[in-house]
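# Topology and contacts: notes
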Amino acid sequence: MTATATRVLVLNSGSSSVKYQLLDMRDGARLAVGLVERIGEETSRLAHTPLATGGDKRETEGPIADHEAALKAVAAELSADGLGLDSPELAAIGHRVVHGGLKFTEPTVIDDAVLQEIERLVPVAPLHNPANLTGIRTARALRPDLPQVAVFDTAFHTTMPEYAARYAIDVETADAHRIRRYGFHGTSHAYVSRKTAELLGKDPSEVNVIVLHLGNGASASAVAGGRCVDTSMGLTPLEGLVMGTRSGDIDPAVTFHLKRVAGMSEDDVDVLLNKKSGLVGLCGDNDMREIRRRIDEGDERARLAFDIYIHRLKKYIGAYTAVLGRVDAVAFTAGVGENAAPVRAAALAGLEEMGLAVDADLNTVRSGEPRLISPEDARVAAAVVPTDEELEIAQQTYALVSA
Ligand code: ADP
């Protein structure tokens, strides 16, 4: 890496999409951001915004056959603004990798052995790791000489004690199939817990935080002195909170029942719990704005869906308060957490005995900055802390390659 190489390209490769951001690590500025969607279909779409040049968003539609074609199209867009993958200013590519198992506790420079290990984890992350691998392989083919770093969604949670991570099932069966709680959204939980400490004017090692990452996918974590001690997602991102389309916690016997009594197949149950449950299953909508609008119009199903969502959140806040013993802050983040004031108010309502409260005026302030929403005299701070997973991935990547 040359001394002038200060840029990091962050790639988040999904099964049919690639999201990317090019950042300048001197100040974290975004130079370009974009997205390729519907890869493999006739109607693929690439949207690219060259922020460095102040140019407008450019959108192109037309078939993009696979991830290789998608990355080549992205590289061409970047080149058009003088930000190409061949630029000497590019220091590294940081890849989001969903599942790192127990082995990857830190961001890791990718070599063939690392690729093999990510491949070995496909059975525990069948939806995500294959797409992440395709993105990595394609990027390596385009720039074989450039350091590429894997940043794992699971890594932040590898500090969980064994008694929090292990399910109470037969140990041999669990170990043979690597069944345990791994947790996800780790880069977000890491970033937000650190930013929350900063907001309180303290070092992360001094504070205990409950992070509520409420996006379309949602997860909670208990972070003690900067280390994750429990999190709501499990072997897969299905466990825990009520989400946009996922059920979260459910009696596992429901799945036997659906198969034995309702005659559903394994795949039917998978689709039901991952895609047709959560808010969408309960009321037909997964966008919290729409749900609030329907509630304002007196819609009972939307009201019940909201109440179920809040009830689950409260249970996790209570549980993690008990796990942590002392809580310094509860931090709300991601699409719902950052924007939905009624969700924050309802989640903390009635928890005054636990030292939690929301100031109605502070809660409705709109801002992209980390901010407190609790009254000044609250024993536990409540905060809105916008997440930035791309920046976290870029920072971890850059720290590793410039060390
Ligand atoms: P993900 O990254 O998991 O796809 P996000 O963190 O972007 O999701 O969150 C998306 C969700 O955030 C939307 O489904 C919607 O429910 C919610 N959301 C976004 N903006 C608002 C808003 N202004 N008010 C309420 N909810 C919002």
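The structure presented is a predicted model; accordingly, all values stated were derived computationally and were not measured. (Residues numbered from 1 in each chain as written. Predicted model: local features only at pLDDT ≥ 70, side-chain atom pairs only at ≥ 80, totals over all residues. Heavy atoms only, no water.)

In this section: the overall build of the chain. Scanning the chain from terminus to terminus reveals 15 helices and 14 strands. Relative to the 2.2 N^0.38 estimate, which gives 22 Å for 403 residues, the radius of gyration of the chain is 21 Å and therefore close to what a compact globule would have. Looking at the chain as a whole, 51% of its 403 residues qualify as buried. If you take every contact in the chain between residues at least 6 apart in sequence, the share linking residues at least 24 apart comes to 62%. (Helix = DSSP H or I, 4+ residues; strand = E, 2+ residues; numbered from the N terminus. Rg over C-alpha atoms; globule rule 2.2 N^0.38 Å. Buried < 20%, exposed > 50% of the residue type's maximum accessible area, 1.4 Å probe, protein only. Contact = heavy atoms within 4.5 Å.)

Take the packing of aromatic side chains next. A full pass over the atoms with the stated rule returns two aromatic pairs. Judged by centre distance (4.4 Å) and plane angle (5 degrees), the rings of Phe-104 and Phe-152 are stacked. Taken together, the residues span a long stretch of sequence, with Phe-104 in the loop between strand E6 (90-97) and strand E7 (108-109) and Phe-152 in strand E8 (residues 148-152) at a distance of 48 residues. Here Phe-104 falls in the buried class, since its relative accessible area comes to 6%. Between Tyr-316 and Tyr-320, the ring centres sit 5.6 Å apart and the planes meet at 75 degrees, which makes this aromatic pair edge-to-face. In this pair, Tyr-316 and Tyr-320 both sit in helix H11 (residues 300-324), four residues apart, roughly one turn of the helix. Over the aromatic face of Phe-306 sits the side chain of Arg-292, whose NZ or CZ is 4.7 Å from the ring centroid. (Phe/Tyr/Trp six-rings, centres within 6.5 Å; stacked < 30°, edge-to-face > 60°. Lys NZ or Arg CZ within 6 Å of the ring centre and 35° of its normal.)

A positive phi is found at Arg-38, a non-glycine position, where the angle reads about 50 degrees. Residue position: Arg-38 is located in the loop between strand E3 (29-37) and strand E4 (45-49). The phi dihedral of His-185 falls on the positive side, at around 55 degrees, and the residue is not glycine.

The next thing to look at is the site of the ligand. Gly-215, Asn-216, Gly-217, Asn-286, Asp-287, Met-288, Arg-289, Ala-334, Gly-335, Val-336, Asn-339 and Ala-340 make up every residue found near the ligand. Within the contact set of the ligand, an oxygen atom lies 3.3 Å away from a backbone nitrogen or oxygen of Gly-217. A distance of 2.8 Å separates an oxygen atom of the ligand from a polar atom in the backbone of Met-288. Surface burial for the ligand is 65%, taken as the share of its 580 Å² of free accessible area covered by protein chains. Its residues assigned to classes, the shell around the ligand shows four nonpolar, six polar and two charged. (Near = heavy atom within 4 Å. Polar contact = N/O pair within 3.5 Å; in protein donor to acceptor, adjacent residues only side chain to side chain. Areas by Shrake-Rupley, 256 points an atom, 1.4 Å probe, with all protein chains shown as cover. Nonpolar A, V, L, I, M, F, W, Y, C, P; charged D, E, K, R; others polar.)

Our focus in this paragraph is the nonpolar core. Of all hydrophobic cores here, the largest spans 43 residues; its most connected members are Leu-212, Leu-214, Met-288, Tyr-309, Leu-313, Val-330 and Val-343. Every element with two or more residues in this core is listed here: strand E9 (208-214), strand E10 (218-224), helix H9 (278-283), helix H10 (288-296), H11, strand E12 (329-333), helix H13 (341-348) and strand E14 (381-384). Here this core gets ten residues from one element, more than from any other, and that element is H11. In contact with Val-343, other than residues within four places in its own chain, are Leu-214, Met-288, Phe-306, Tyr-309, Ile-310, Leu-313 and Val-336. (Core = buried A, V, L, I, M, F, W, Y, C linked by side-chain atoms within 4.5 Å.)

Turning to empty space enclosed by the protein, a few remarks are in order. Counted under the stated rule, the structure contains one cavity of 30 Å³ or more. Top contributing element to the lining of the largest cavity by residue count: H11, with three residues. In terms of residue class, the lining of the largest cavity is built from six nonpolar, no polar and one charged. (1 Å grid on protein atoms, 1.4 Å probe; cavity = no way out; pocket = protein on both sides within 12 Å on 5 of 7 lines; lining within 4 Å. Points joined across faces, edges and corners; volume = space filled by probe spheres on them.)

Per the counting criterion, the structure on display carries 28 salt bridges. Lys-259 is paired through a salt bridge with Glu-266; the nearest N and O atoms lie 2.3 Å apart. In this structure Glu-266 comes out as exposed when scored by relative accessible area, which is 53%. What emerges from the salt-bridge pattern is a single network uniting Glu-162, Arg-166, Asp-175 and Arg-180. (Salt bridge = Lys/Arg side-chain N within 4 Å of Asp/Glu carboxyl O.)

Moving on, we get to helix H8 (residues 266-275). In an α-helix, one full turn covers 3.6 residues, which means residues spaced three or four apart are oriented alike. Taken residue by residue, H8 has Val-269, Leu-273 and Asn-274 as its buried positions. Buried residues along H8 cover an arc of 115 degrees about the axis, so they all sit on one side. Looking at H8, the residues exposed on the side facing more than 90 degrees away from the buried face are Asp-267 and Lys-275. Looking at the packing, one finds that the buried side of H8 touches helix H7 (253-260). (Arc of directions from axis to C-beta.)

This part covers the layout of surface pockets. The volume enclosed by the second largest pocket comes to roughly 230 Å³. Where the lining of the second largest pocket is concerned, the elements lending two or more residues are E8 and helix H6 (186-199). When residues of the lining of the second largest pocket are assigned to their parent elements, the largest contribution, three residues, is made by H6. When its residues are assigned to classes, the lining of the second largest pocket shows six nonpolar, six polar and one charged.

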